[in-house]
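Residue-level structure breakdown
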Amino acid sequence: MTVEGLRVTKISLADNDLSGTLPSELGDLRNLQELRLNDNSLRGTLPSFLGSLSNLQELRLDDNSLSGTLPSFLGSLSNLQDLELHENSLSGTLPSFLGSLSNLQELRLDENDLRGTLPSFLGSFSNLQEIRLDDNSLSGTLPSFLGSFSNLQELRLEDNSLRGTLPSEYGDLSKLQDLELHNNFLRGTLPSEYGDLSKLQDLELHDNSLSGTLPSFLGSLSNLKDLELHDNSLSGTLPSEYGDLSKLQDLELHDNSLSGTLPSEYGSLSNLLDLDLVSNDLSGTLPSEYSSLSNLQRLELAFNSLSGTLPSEYGSLSNLLDLQLDSNSLSGTLPSEYGSLSNLQVLELWNNSLSGTLPSFLGSLSNLQILSLRMNDLSGTLPSEYGSLSDLQILSLSQTSVSGTLPSEYSSLSNLQYLIVTDTDVSGTIPSELGDLSDMRYIELDNELKLGIKYHDNTTLPWHSLKGNERIYGNVGNEDLDGGDGDDTIYGEAGDDTIYGEGGDDILYGEGGDDILYGGPGKEIIYGGPGDDLLDGNQHSAIH
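All figures in this text were calculated on a predicted structure; none of them were measured in a lab.

Here's the deal with the overall build of the protein
From N to C terminus, the protein includes 0 helices and 48 strands. Within the span of the protein, comprising 544 residues, buried residues form 50% of the whole. Taking as baseline every contact in the protein between residues at least 6 positions apart, the subset at least 24 positions apart corresponds to 41%. A total of about 21,600 Å² of accessible surface is found on the protein, and carbon and sulfur atoms cover 40% of it.

Printed below as a string of structure tokens:
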């Protein structure tokens, strides 16, 4: 609280766990200039006494639980410069009396339940520097008069239901730094006038229906840090001019219809953190120049038509967290240099034509969480070194020529949730130590693999969706156990379990608890056990 003489001019009680409604005594503070009660748990409607605070310049009631419509008395606050009521539950339309707030510089009504169109009275806000009406239910078209707001720095209208085209007049917003219009129903092309937005740092137009070719003029926006045009219908090639965007950190163009090759010029984007070009029709080889992107954290080029080999130079991308090159036509072996990607968390190279032996050096990637190499021409045995990947959650090697047995070292994969090795030459017995992997949710194995446990071992496997003829035991607890294809024997153990026999001739034991047992196709024998069980067989089932 700020007091000048005997006059209270400022109250700031943000983030103080305040609750209840706004006290009427605030209306007596006629000299109040700043009222900040944001980030609390205030409720109710905006009280009329706020209209008597004629000297108020800043009103912040954002991030509370206020409701109701925007009251007319707000129009009497002629000195107001900053109005922030975002992150509440305000409803109704944008009232015309707001047009009298000629001194307003910042208007934030985002994350409410406002509806209707963007009214013409907004054109009177000539001093506005920030407009945020995002995450409401606004409709209609984008008004061209916003292009006359010469002081505007931030315009955010995303997550609404706006339609129509992008106004070319917005290209006159010489001070604009942030333009976010994503998640609407906008169509048409990007106006060439947007190439004049020399101050622009953030351009997000994704998740619309924009069309036309990807404009090269965006390459002249030298201050641009974030360019997100993904999930549109843009076509054409990747402009080499984007390689001049020296401040660019995030380039997301995925899920469009882009074609052509990857420009080598993008190797000059020294500040780039995220390059996402997934789900286009890009071709050609992976440029070795991208190894110069020393700050790159995510390289996502999956679902294209890229060919050639994996550049060994990418092993120098020391900050890389996510490498997704799946569903292309890449060939050759995995370069040993990739064993130096010490920060890598996601490695997805599946559905390519990679060959050679399954590399043991991947076992040194101590932060790896997802390793998917399925649907390649890889061979060799399962490296025991993968047992040291303590953060690994998904290991998918199906549809390869990998052979040998499951190493007992995999019992150290305490975070493993998905193990998929179907359509391989892996055989033998599943080590009983793997029964200690309590986070395991899904496993797919071939018929050649047998569970190396006995019912009386007190060793249980909480896995489901096995393929083949298995003997499956649940843990004590409530589980989903799925036998998958094959002739299976499934024990629910104690707890309320849901057991699926699936295909094959299965024997299902509910054991203790209230269980649901589905026999599925085949000749089934179902034992409910103690508890209130629901047994669902078929005409070939024997239910006990």
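Past the structure itself, the notes keep going.
Section: the sheet that holds strand S5 (residues 41-44)
Ordered by their spatial adjacency, 6 strands build an open sheet running S3-S5-S7-S9-S11-S13, and the pairing between neighbours is parallel. The open sheet terminates on both sides in strands that have one partner only, identified here as strand S3 (19-20) and strand S13 (137-138). Bridging between S5 and strand S7 (residues 65-69) involves 2 bridges; their strand directions are parallel. Its bridge partner lying in S7, Arg43 is registered against Ser65.

Considerations on the packing of aromatic side chains
Applying the stated rule across the entire model yields 2 aromatic pairs. Taking 6.3 Å as the distance between ring centres and 80° as the angle between the ring planes, the aromatic pair formed by Phe121 and Phe125 counts as edge-to-face. Considered together, Phe121 and Phe125 belong to a single accessibility category, that of buried residues. Sitting over the face of the ring of Phe185, Arg163 holds its NZ or CZ atom 4.5 Å from the ring centroid.

Regarding the side chain of Asn184
Along the chain, Asn184 turns up in the loop between strand S16 (178-180) and strand S17 (185-188). A polar contact of 3.3 Å, which involves the side chain of Asn184, links it to the backbone nitrogen of Ser161. Polar contacts involving the side chain of Asn184 include one to the main-chain carbonyl oxygen of His182, which spans 3.3 Å.

Re the pattern of salt bridges
Using the criterion set out here, one finds 11 salt bridges in the structure. Here Lys10 ties to Glu34 by a salt bridge, and the two come within 3.8 Å at their closest N and O atoms. In this pair, Lys10 is assigned in strand S2 (residues 7-12) and Glu34 in strand S4 (residues 34-36), connecting sequence segments 24 residues apart. A relative accessible area of 26% places Lys10 in the partly exposed class. The salt bridge partner of Glu58 is Arg36, with a shortest N-O separation of 2.9 Å. Of the two residues, Glu58 sits in strand S6 (residues 58-60) while Arg36 sits in strand S4, which places them 22 residues apart along the sequence. Judged by its relative accessible area of 24%, Arg36 falls in the partly exposed class.

Some thoughts on the pairing of S7
Note: S7 against strand S9 (residues 89-92), 3 bridges, orientation parallel. Bridge pairing in S9 places Ser67 opposite Ser89.

Details of the confidence of the model for the protein
Counting all residues, the mean pLDDT for the protein is 86, and 80% of those residues have values of 70 or more. Low pLDDT, under 50, characterises residues 450-483; the predicted model gives this stretch 130 contacts beyond four residues in sequence or across chains. Across residues 539-543, where pLDDT falls below 50, the model places 10 contacts with residues more than four positions away in sequence or in other chains.

Brief notes about the sheet that holds strand S25 (residues 281-284)
Sheet architecture is open: 6 strands sit in the order S21-S23-S25-S27-S29-S31, paired in parallel fashion. Looking at the sheet topology across the chains shown, the edges are occupied by strand S21 (235-237) and strand S31 (353-354). Pairing analysis gives 3 bridges linking S21 to strand S23 (residues 257-260), with the strands arranged parallel. Across the sheet, Ser235 pairs through a bridge with Ser257, a residue of S23.

Describing the side chain of Asp322
When you line up the elements, Asp322 lands in strand S28 (residues 322-324). Separated by 3.0 Å, the side chains of Asp322 and Gln324 make a polar contact.

What about a negative patch on the surface?
The grouping of Glu241, Asp244, Glu265, Glu289, Glu313 and Glu337 at the surface amounts to a negative patch. Tracing the sequence through the fold places Glu265 in the loop between S23 and strand S24 (274-276).

Here we look at unusual backbone geometry
Notably, Asp17 is not glycine yet its phi reads approximately 60°, a positive angle. Looking at where Asp17 falls in the secondary structure, it is placed in the loop between S2 and S3. Phi is positive for Asp255, close to 55°, though the residue is something other than glycine. Within the secondary structure, Asp255 is located in the loop between strand S22 (250-252) and S23.

Cut-offs used in this document
Position numbers for residues count from 1 along each chain, tracking the sequence in the order it is written. In keeping with the predicted nature of the model, local features appear solely for residues at pLDDT of at least 70, side-chain atom pairs appear and are counted solely at 80 or more, and the whole-chain, interface and lining totals rest on all residues. To obtain the side-chain values, all non-hydrogen atoms of the structure were included, while hydrogens and water were left out. Each helix is a run of DSSP H or I of at least 4 residues and each strand a run of E of at least 2, with the numbering of both proceeding from the N terminus. Here the term buried applies to any residue with accessible area under 20% of the maximum for its type, exposed to any over 50%, and partly exposed to those in between, with areas from a 1.4 Å probe on protein chains only. Should any heavy atoms of two residues lie within 4.5 Å, those residues are counted as being in contact. Here the accessible surface of atoms and residues is derived via Shrake-Rupley with a 1.4 Å probe, and residues count as covered only by protein chains that are part of the display. For two strands to count as paired, DSSP must find a minimum of two bridges between them. What counts as a ring pair is set by centres within 6.5 Å for rings of Phe, Tyr and Trp (its six-membered ring), and what kind of pair is set by the plane angle: stacked under 30 degrees, edge-to-face over 60, tilted for all other angles. Counting as a charge over the ring demands two things of the Lys NZ or Arg CZ atom: a distance within 6 Å of the ring centre and an angle within 35 degrees of the ring normal. Two N or O atoms count as a polar contact when they lie within 3.5 Å, although within protein this holds only if one can serve as hydrogen donor and the other as acceptor, and sequence-adjacent residues are included solely when both atoms are side-chain atoms. Whenever a carboxyl oxygen of Asp or Glu lies within 4 Å of a side-chain nitrogen of Lys or Arg, that contact is scored as a salt bridge. Per-residue confidence from the predictor is reported as pLDDT, which spans 0 to 100. Excluding any residue in a salt bridge, patches collect residues exceeding 30% relative accessible area, merging like charges within 9 Å and nonpolar Val, Leu, Ile, Met, Phe, Trp and Tyr side chains within 5 Å. Charged residues are defined narrowly, with Lys and Arg counted positive, Asp and Glu counted negative, and His plus the chain ends left uncounted. The location of each charge is read from NZ of Lys, CZ of Arg, CG of Asp or CD of Glu.

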